[in-house]
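Per-entry structural report
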Amino acid sequence: MSNPSDKRRRESIGAADDLERWFGGDFVPTETFRPIAPNIQVYRPQLTSVLSIANRVTGVALGLGALGLVAWLIAAASGPHLFLIAQNIVFSWPGEIFLIGLTFAFFLHFLGGVRHLVWDTVRGFELRSIYASGWAVVITSIILTAATWVFALRGG
Amino acid sequence: MGRDTRLPRARARGLGSAHGGTHHWWAERVSAIALVPLTIWLLVGLIIHLSGDYNEVVGWLASPVTSLLIILLLIAAFHHVALGLQVIVEDYNHGESKYLMILLLRFGCYAAAASGILAELKIVFAT
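Remember, predicted model here, so these are calculated numbers, not experimental data.

**Quick notes on the overall build of chain A**
Tallying secondary structure elements over chain A gives six helices and zero strands in all. Within chain A, buried positions represent 31% of all 156 residues. Summarising the internal contacts of chain A: among those between residues at least 6 apart in sequence, 59% fall at separations of at least 24. Accessible area for chain A stands at about 10,100 Å²; split by element, carbon and sulfur atoms hold 68% of it.

**Quick look at the interface of chain B and chain A**
Facing the 40 residues of chain B at the interface are 34 residues of chain A. Interface area lost by chain B to chain A is led by Ile47(B), Leu50(B) and Tyr54(B), which between them contribute 20%. For the pair chain B and chain A, the interface holds two salt bridges. The residue Arg56(A) makes a salt bridge to Asp91(B) at a minimum N-O spacing of 2.6 Å. Counting across the interface, chain B meets chain A through five residue pairs in polar contact (both at pLDDT 80 or more). Of all elements in the fold, only α2 (21-49), α3 (54-62), α4 (64-92) and α5 (97-126) of chain B reach the threshold of two or more residues within the side of chain B that touches chain A. Partitioned by chemical class, the residues of the side of chain B that touches chain A number 27 nonpolar, eight polar and five charged.

**Focus on the packing of helix α3 (residues 47-77) of chain A against α5(B)**
Running from N to C, α3(A) and α5(B) cross one another at 30°; their axes reach a closest spacing of 8 Å. Taken together, α3(A) and α5(B) sit at an angle that is classed as roughly parallel. Note on packing geometry: the crossing formed by α3(A) with α5(B) is left-handed. Two secondary-structure elements touch here, α3(A) through Leu67(A), Val70(A), Leu73(A), Ile74(A), Ala76(A) and Ala77(A) and α5(B) through Ala112(B), Ser115(B), Gly116(B), Ala119(B), Glu120(B), Lys122(B) and Ile123(B). Grouping the amino acids of the contact of α3(A) with α5(B) by side-chain chemistry returns nine nonpolar, two polar and two charged.

**Quick word on the nonpolar core**
Leu69(A), Trp72(A), Leu73(A), Leu61(B), Leu74(B), Phe78(B) and Ile123(B) are the most contacted members of the largest nonpolar core, which totals 38 residues. Top element by residues in this core is α4(B). It accounts for 10 residues. In contact with Leu69(A), other than residues within four places in its own chain, are Leu42(B), Leu73(B) and Leu74(B). Phe106(A), Phe107(A), Phe110(A) and Val137(A) belong to the second largest nonpolar core, which has nine residues in total.

Analysis parameters
- Residues numbered from 1 in each chain as written.
- Chains lettered and ligands numbered in written order.
- Predicted model: local features only at pLDDT ≥ 70, side-chain atom pairs only at ≥ 80, totals over all residues.
- Heavy atoms only, no water.
- Helix = DSSP H or I, 4+ residues; strand = E, 2+ residues; numbered from the N terminus.
- Buried < 20%, exposed > 50% of the residue type's maximum accessible area, 1.4 Å probe, protein only.
- Contact = heavy atoms within 4.5 Å.
- Areas by Shrake-Rupley, 256 points an atom, 1.4 Å probe, with all protein chains shown as cover.
- Buried area = accessible area lost by both parts, 1.4 Å probe.
- Salt bridge = Lys/Arg side-chain N within 4 Å of Asp/Glu carboxyl O.
- Polar contact = N/O pair within 3.5 Å; in protein donor to acceptor, adjacent residues only side chain to side chain.
- Nonpolar A, V, L, I, M, F, W, Y, C, P; charged D, E, K, R; others polar.
- Axes fitted to C-alpha atoms, helices over the stretch in contact; angles between N-to-C directions.
- Parallel < 35°, antiparallel > 145°, perpendicular 65-115°, else oblique.
- Left-handed = near helix turned anticlockwise from the far one by under 90°.
- Core = buried A, V, L, I, M, F, W, Y, C linked by side-chain atoms within 4.5 Å.

This is the structure:
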């Protein structure tokens, strides 16, 4: 009971596997398929959704940063020669730009994570608090990133 | 929140209909809370020591407190990364390859954590 246009429609909502599993091959849409919300490409960006996406993106970036930390430790464990090469990469201008970006990603993910931990205690769910905590995360992340690099460059 | 409709035994076991979601969720929180002090400590340590020469950096890495905290951080961080990446895979990949991807990223995270711990131990015992 399926024709190519049904199949295409099923795939278009991105849940073809689930429909196949639940209904076998006999699933016939009885109504027009509507897009599943949130339909991200026509969504006006909001602080809430942008921070949610940012939490993921920064998480992946920090995963890469953790790999960098491992590589740096291996270089330090391999002796002065490899360590010097690693330091030259860290203190090159692409290395420093990466580290500045990683610092911001760290604070955004860190403070966003603390925000999530507060939500886990069933607090701060009012729309007003969600926006207040969201902007607090963004502004504090910018300030702490700047402060970190002022300290780092003054100390080094 | 809403009324809890579960039977007392189901509530005591703490498992939802997915039978495993609470463990993933809880492990993500546990590793996150562990990472709060550990990452702040690492950030401060790197600000102080990263620009130093080889002897200074290795001396810092070889100290007992640093080595303990670095190893704890590597365990917590890569556990947290594995849990987070698994959710991303589960959200966007609904095919069979999902299981292979989760398997590979978990192996990768454990391999990375083990490599970091090994490097740290080598610094400790060589210094």
